[in-house]
Amino acid sequence: MTAMLPPVITLAQPPAQYQSLTPYQPFPQLPFTALDDANDSYGLAQQLCRERKAQGRLLWIDATANMERVNTAEKIQALVAKIKTIGFNTIVFDVKPIIGETLYPSQLAPKLTEWVRPWATYKVPADFDPLKFMSAECRKQGLSLIIAFNAFSEGHREFPKRGLAVQKPEWQTVLYETTVAVEGNVLGEKLQVSTETSKLPKLTKESYAVALDKDGKLTALFEGVALTALAPRPSEGGAFLVAVGGSEASWLRSKKLGEALLPTSTPRFVKLGDMAQRQIPLITNPHHPDVRKRLLDILAEVAKGYDIDGVIFDDRLRYAALNADFSDVARKDFEASLGKPVESWPHDIFRWETAWPTVERRWPVPGPLYEKWLTFRAQTLKSFVSDAAKTVKAIKPELKFATYVGSNYPDYPELGANWAADDLQAGFHFLSDDYQDKGWAGLTDFVVTGCYYKIPTLRDALALGRNIGDTVEAAGQFSNRAVGDASFVYAGILLEHYKDRPEELKRTLQAACATTQGIMCFDLSHDIEPLWPIFQEAFKVSAPAPHTVPGLLSELRRRRAEQKAAGKPEPPVILYRGTSGTGF
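Because the structure is predicted, anything quoted here is derived from the model rather than measured. (Residues numbered from 1 in each chain as written. Predicted model: local features only at pLDDT ≥ 70, side-chain atom pairs only at ≥ 80, totals over all residues. Heavy atoms only, no water.)

**Q** Please provide a residue-by-residue account of the overall build of the protein chain, values included.
**A** Along its length, the protein chain carries 16 helices and 21 strands. For the protein chain, the spread of C-alpha atoms along the principal axes amounts to about 95 × 80 × 55 Å. In the protein chain, which comprises 584 residues, the proportion classed as buried is 55%. Only carbon and sulfur atoms are counted for the fraction: they give 54% of the accessible area of the protein chain, which is about 26,000 Å². Counting 68 positive and 69 negative side-chain charges, the protein chain places the centres of these two groups 1 Å from one another. (Helix = DSSP H or I, 4+ residues; strand = E, 2+ residues; numbered from the N terminus. Buried < 20%, exposed > 50% of the residue type's maximum accessible area, 1.4 Å probe, protein only. Areas by Shrake-Rupley, 256 points an atom, 1.4 Å probe, with all protein chains shown as cover. Lys, Arg positive; Asp, Glu negative; His and termini not counted. Charge placed at Lys NZ, Arg CZ, Asp CG, Glu CD.)

Structure follows, in structure tokens:
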């Protein structure tokens, strides 16, 4: 009896771009770097830019960190010539740092002339315009010049008296914070919850304390000095409620065994500048009409006044945090989007969970309008991105509009910035159809993502026993898929990571430019001089930046539309576990 043979399996040939036996290396003159070639190479933008030999090579020049490098015409002339010689094709020049002052003479903002740091004082003469000379030198050297602005930031934590948001506190974003109290007595210096008596302030005969169990029920009473002397331990899951003195002690003395005294929290709304501890930028309110108008006016001022190639918003194109903005104007806008009032503000959006017995604010508990709130904020920023792009292109249609963001996309629903394409399909819990639609990548000419990891490639991470998501290659690969051919995308790297690490920089250059259509190097001030030879070797063969090639973006979008119309399915997007805050 003849054995039945299994049927012959016919495998389709892989796409042409994957048939080469030699994996793609953006810089063949550098040492070979093992990369995830199939996933790194995916997408129309990758194919098109490789066909045209286009590659973004951007060098970022931060305003405050580089003031001494751009405070004379001679310095700018030498700097731009050096950048050209090394092989970069684009300079990103920051003219509005987070403090809100500008390097150029503006009718809308004070001029930045001095920046005092503990280690140095940087100055630019009041009558000198660095942007004017930067523009002239870039034209002379044939470099693309993109001007950077910090959008919703008008002040700096370390300069509390400077910035328009200091002068105009109504511009500041409003945070949803909480006040924690027990029966109306606010926790603070005079009334404290503690699990360790050794950490309490000095108690006197006026002080009083009670022990509370895991459910907040009163189980023991102590005179303050007795609590200090006895130094008891709380029951498991319990704590001591201690009144140092005054009315709080009198109130606490009236309590009886068995009473429940769990702290509760109530909302309070506070301007960012009034917070004792806050982030460095003084973030403004994206809903305030004057804030939005001023930013658009600044874009127009620069677009009209200078010979430039485009503008880019830095990462402050966002909300301050998940608990921003809860101003009256934001509430009005949100209710307008809903078509009805919010019955319980802010708890219909979320409420803060307060842990017991630590009394720490832990995490938000979503309310019935939480998902709509995330989508509303994403729409607010997308509409501003649209307005900004239209503003510059109405003045000069050829100007490019771009945005910089951190590469860890799951961070951004809390910040309101959906920088992906508006049809991204990926396995994120927040990526509903409505939220997906608020992606802004298609409104830009390119997106830069901060892939600010020290490990270059997936293989490097595996060899080190580290998380593969914490690599430039993984971040660039996801960035390319998230933008999804709606625009060009360049991977940003942090130059301070490569001090005395030349081989890692070489592999990082390969990874960044294999996974995206170019690289952005941040920042000129990060001890770049020892790295010049590596960049010069990598950029030995000149290449135009994709955003400078006439018609290239239009062709990309045409091909993308054709592919979508044909119903060609996209392979699943690989989700790597990156580190929160990367690229902020």
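**Q** I'd love a proper account of the layout of surface pockets, names of residues and values included.
**A** The volume enclosed by the largest pocket comes to roughly 770 Å³. For the lining of the largest pocket, the elements supplying multiple residues, two or more each, are β3 (114–117) and β21 (518–522). Across the lining of the largest pocket, the residue classes tally to 16 nonpolar, seven polar and nine charged. (1 Å grid on protein atoms, 1.4 Å probe; cavity = no way out; pocket = protein on both sides within 12 Å on 5 of 7 lines; lining within 4 Å. Points joined across faces, edges and corners; volume = space filled by probe spheres on them. Nonpolar A, V, L, I, M, F, W, Y, C, P; charged D, E, K, R; others polar.)

**Q** Describe in detail the packing of helix α2 (residues 44–52) against helix α16 (residues 552–565), supporting the description with residues and values.
**A** The contact between α2 and α16 brings their axes to 10 Å, and the two run at 140°. As far as their axial angle goes, α16 and α2 are oblique. Crossing hand, α2 versus α16: right-handed. Judged by residue contacts, Leu 44, Ala 45, Leu 48, Cys 49, Glu 51 and Arg 52 of α2 engage Leu 552, Glu 555, Leu 556, Arg 559, Arg 560 and Gln 563 from α16. Class assignment for the residues of the contact of α2 with α16 results in six nonpolar, one polar and five charged. (Axes fitted to C-alpha atoms, helices over the stretch in contact; angles between N-to-C directions. Parallel < 35°, antiparallel > 145°, perpendicular 65-115°, else oblique. Left-handed = near helix turned anticlockwise from the far one by under 90°. Contact = heavy atoms within 4.5 Å.)

**Q** Give me the environment of Phe 269: which residues, what numbers.
**A** When you line up the elements, Phe 269 lands in strand β13 (residues 264–271). A relative accessible area of 40% places Phe 269 in the partly exposed class. Separated by 27 residues in sequence, Phe 269 and Val 242 place their C-alpha atoms 27 Å apart. Once you skip the residues sitting within four places of it in the chain, Phe 269 turns out to touch Val 174, Leu 175, Tyr 176, Phe 326, Trp 345 and Pro 346.

**Q** Can you break down the sheet that holds strand β9 (residues 191–194) residue by residue, with the values?
**A** Strand order in this open sheet of four strands is β9-β12-β10-β11, and the pairing throughout is antiparallel. Strands with a single pairing partner mark the edges of an open sheet, and in this sheet they are β9 and β11 (218–223). For this sheet, the mean angle separating the axes of adjacent strands, direction not counted, is 20°. (Pairing = 2+ DSSP bridges.)

**Q** Before we move on, could you go through the sheet that holds strand β15 (residues 310–313) and cite the residues and values that matter?
**A** Strand order around the closed barrel formed by eight strands is β1-β2-β5-β15-β18-β19-β20-β21, with parallel pairing between neighbours. Averaged over all pairs of adjacent strands, the angle between their axes in this sheet comes to 25°, without regard to strand direction. Strand direction decides the pairing type here: strand β2 (residues 90–96) and strand β5 (residues 144–149), joined by six bridges, are parallel. Bridging from a neighbouring strand, Asp 94 pairs with Ala 148 of β5. Against the sheet, helix α4 (residues 130–141) touches β1 (56–61), β2 and β5, its axis set at about 170° to β2.

**Q** Can you tell me about the side chain of Asn 480, naming the residues and giving the values?
**A** By the element assignment, Asn 480 lies in helix α13 (residues 472–483). In contact with Asn 480, not counting residues within four places along its chain, are Tyr 42, Gln 46, Asp 485, Val 489, Thr 515 and Gln 517.

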